[in-house]
Amino acid sequence: MNEQVKKYFKNPRNLEIMTDATVMGQGGDPGCGDYIELYLKIENDIIIKASAMVAGCPYAIATTSIFTEMITNKSLDDAMMIPGDQVASLLGGLPKEKIHCSLMGPEALRNAAHNYIMARICTPMAS
Ligand code: FES
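First, a word on what this report is: a plain description of the structure on this page.

Cut-offs applied
- Residues numbered from 1 in each chain as written.
- Predicted model: local features only at pLDDT ≥ 70, side-chain atom pairs only at ≥ 80, totals over all residues.
- Heavy atoms only, no water.
- Helix = DSSP H or I, 4+ residues; strand = E, 2+ residues; numbered from the N terminus.
- Polar contact = N/O pair within 3.5 Å; in protein donor to acceptor, adjacent residues only side chain to side chain.
- Contact = heavy atoms within 4.5 Å.
- Core = buried A, V, L, I, M, F, W, Y, C linked by side-chain atoms within 4.5 Å.
- Buried < 20%, exposed > 50% of the residue type's maximum accessible area, 1.4 Å probe, protein only.
- Salt bridge = Lys/Arg side-chain N within 4 Å of Asp/Glu carboxyl O.
- Axes fitted to C-alpha atoms, helices over the stretch in contact; angles between N-to-C directions.
- Parallel < 35°, antiparallel > 145°, perpendicular 65-115°, else oblique.
- Left-handed = near helix turned anticlockwise from the far one by under 90°.
- Nonpolar A, V, L, I, M, F, W, Y, C, P; charged D, E, K, R; others polar.
- Patch = residues over 30% accessible without salt bridge, like charges linked within 9 Å, V, L, I, M, F, W, Y side chains within 5 Å.
- Areas by Shrake-Rupley, 256 points an atom, 1.4 Å probe, with all protein chains shown as cover.
- Expected span 1.5 Å × (residues − 1).

A short note on the side chain of Ser75
Consideration 1: On the secondary structure map, Ser75 appears in the loop between α2 (58-71) and α3 (76-80).
Consideration 2: A distance of 2.9 Å separates a polar side-chain atom of Ser75 from the backbone nitrogen of Asp78.
Consideration 3: Aside from chain neighbours lying at most four places away, what touches Ser75 is Asp45 and Ile46.

Some thoughts on the nonpolar core
Taken as a class, soluble globular proteins show a tendency for nonpolar side chains to be buried jointly.
Consideration 1: Residues Leu38, Leu40, Ile47, Ile71, Leu76 and Leu109 are the most contacted members of the largest nonpolar core, which totals 32 residues.
Consideration 2: When residues of this core are traced back to their parent elements, those giving at least two are α1 (3-10), β2 (34-43), β3 (46-55), α2, α3, α4 (86-90) and α5 (99-122).
Consideration 3: Ignoring any residue separated from it by four or fewer positions in sequence, one finds Leu109 in contact with Leu38, Leu40, Ile47, Phe67, Ile71, Leu76, Ala79 and Met80.

Focus on the pattern of salt bridges
Consideration 1: Applying the stated criterion across every chain, the model contains four salt bridges.
Consideration 2: Residues Lys6 and Glu3 are paired through a salt bridge, measuring 3.3 Å at the closest nitrogen-oxygen approach. Here Lys6 and its partner Glu3 are both found in helix α1, three residues apart, which amounts to about one turn of the helix.

A short note on the packing of α2 against α5
Consideration 1: Packing of α2 against α5 brings their axes to within 7 Å, and their N-to-C directions diverge by 40°. Taken as axis vectors, α2 and α5 run oblique relative to one another. Crossing handedness for the pair α2 and α5: right-handed. Residue-level inspection shows Tyr59, Ala60, Thr63, Phe67 and Ile71 of α2 in contact with α5, the latter providing Cys101, Ser102, Met104, Gly105, Pro106 and Leu109.
Consideration 2: Among the residues making up the contact of α2 with α5, the classes are represented as eight nonpolar, three polar and no charged.

Notes on a nonpolar patch on the surface
Consideration 1: Among the surface-exposed residues, Ile117, Met118 and Ile121 lie close enough to one another that they form a single nonpolar patch of about 290 Å² accessible area.
Consideration 2: Classification of Met118 as partly exposed rests on a relative accessible area of 37%.

Quick word on α5
Consideration 1: Compared with an ideal rise of 1.5 Å per residue, which puts 24 residues at 34 Å, α5 spans 35 Å between its outermost C-alpha atoms and is within 8% of the ideal.
Consideration 2: Where α5 is concerned, the buried positions are Cys101, Ser102, Met104, Gly105, Pro106, Ala108, Leu109, Ala112, Ala113 and Tyr116.

A few points about the side chain of Ser102
Consideration 1: Along the chain, the position of Ser102 falls in helix α5.
Consideration 2: Ser102 sits in the buried class, given a relative accessible area of 2%.
Consideration 3: A polar side-chain atom of Ser102 sits 2.7 Å from the main-chain carbonyl oxygen of Ile99.
Consideration 4: The residues contacting Ser102, other than those within four sequence positions of it, are Thr63, Val87 and Leu94.

Here it is, written out as structure tokens:
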């Protein structure tokens, strides 16, 4: 484990349930143990706050933690454009067998964006 991964694993940022989240998205698979819930507070389509709960290995904790920082203050569209391998790059690289840990954040973001859009489409209009 490199120093950057250790730093984020030992002192993770934004790993908490957000009770006032605009939307939540899931990544990974709760059935096999590797799983995250990503919470987003969105205002004017900007992610003003991101947090997550993680069930997974130290790499999942470190990668999800840095991912919450990467997407904060970005538009939902810009956050979705972050390449999947950028999480691993910012942490100085990951072992090949740990790459999947870093992909749960982007997967959860896609699911959160889907949920956000569906909630907006399905909100009844005032008559
Ligand atoms: Fe499965 Fe990291 S979350 S090995």
